[in-house]
Amino acid sequence: VIGFLVGEKVEGSSFLFDASIKGPAITHLTQVPEGFWAILLITIGAAEQFRAEKGWVDPSEVPVDQPGLLKSDYVPGDLGFDPLGLKPEDPEEFMIMQTKELQNGRLAMLAAAGFLAQELADGKGIVEHFQSM
């Protein structure tokens, strides 16, 4: 959601991609140079590989009747990355925080869907709509 607003607001003045990406945020993806997608794909692939190795039992060690078996000490969503020390120590508090994060992510996806729908409807950027209010 912030990316939509910032992407439209810094149009023409960003250090990314020589400030060549312009227009409503919904059109930005088609303007990104192709090399960026290769880097993004490799980065996401590496992150997913790390997550798979941390959370799932190696397929060669899994019984045939239990595909996708999680490791016994793995808690979904907990990859051990907490540089600011925000993760609660209490498992119940962790589950509450995890639920809040999921709800926040879902709300952000709904907001982004609203932005996309509005930009598709009239071709104007979200910042333009806010400024015309």
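Everything below is about the structure printed above this text.
**Brief notes about the overall build of the protein chain**
A tally of helices and strands in the protein chain yields 5 helices and 0 strands. In sequence order, the secondary structure elements of the protein chain are arranged as α-α-α-α-α. Buried residues in the protein chain amount to 16% of all 133 residues. Here the analysis covers contacts within the protein chain between residues at least 6 apart in sequence; of these, 36% occur between residues at least 24 apart. Working note: accessible area of the protein chain is about 10,300 Å², and carbon and sulfur atoms make up 64% of it.

**Thoughts on the packing of aromatic side chains**
Counted according to the given criterion, the structure contains 2 aromatic pairs. Summarising the aromatic geometry, the rings of Phe 36 and Trp 37 are spaced 5.2 Å apart at their centres and angled 75° between planes, so their arrangement reads as edge-to-face. Here Trp 56 and Tyr 74 contribute two aromatic rings whose centre-to-centre distance is 6.0 Å and whose plane-to-plane angle is 40°, an arrangement assigned as tilted. Placement of Trp 56 in the loop between α3 (34–55) and α4 (91–122) and of Tyr 74 in the loop between α3 and α4 is noted, with a sequence separation of 18 residues between them. Residue placement shows Lys 87 over the ring face of Phe 94; its charged tip is 5.3 Å from the ring centre.

**Overview of a nonpolar patch on the surface**
A contiguous nonpolar surface patch, about 440 Å² in accessible area, is contributed by Leu 29, Phe 36, Trp 37, Leu 40 and Ile 44. It is α3 that provides the largest number of residues to the nonpolar patch, a total of 4 residues. Considering the arrangement of structural elements, one finds Ile 44 in helix α3. Overall, the relative accessible area of 46% leaves Ile 44 in the partly exposed class.

**Some points on the pattern of salt bridges**
Side chains that carry opposite charge are capable of pairing whenever their charged atoms lie near each other. For the structure on display, the rule yields 2 salt bridges. The closest approach of N and O atoms between Glu 48 and Arg 51, which form a salt bridge, is 2.6 Å. One end of the pair, Glu 48, and the other, Arg 51, are both in helix α3, 3 residues apart, so they sit about a helical turn from each other. A salt bridge links Asp 78 to Lys 87, with the nearest nitrogen and oxygen atoms 2.7 Å apart.

Calculation criteria
- Residues numbered from 1 in each chain as written.
- Predicted model: local features only at pLDDT ≥ 70, side-chain atom pairs only at ≥ 80, totals over all residues.
- Heavy atoms only, no water.
- Helix = DSSP H or I, 4+ residues; strand = E, 2+ residues; numbered from the N terminus.
- Buried < 20%, exposed > 50% of the residue type's maximum accessible area, 1.4 Å probe, protein only.
- Contact = heavy atoms within 4.5 Å.
- Areas by Shrake-Rupley, 256 points an atom, 1.4 Å probe, with all protein chains shown as cover.
- Phe/Tyr/Trp six-rings, centres within 6.5 Å; stacked < 30°, edge-to-face > 60°.
- Lys NZ or Arg CZ within 6 Å of the ring centre and 35° of its normal.
- Patch = residues over 30% accessible without salt bridge, like charges linked within 9 Å, V, L, I, M, F, W, Y side chains within 5 Å.
- Salt bridge = Lys/Arg side-chain N within 4 Å of Asp/Glu carboxyl O.

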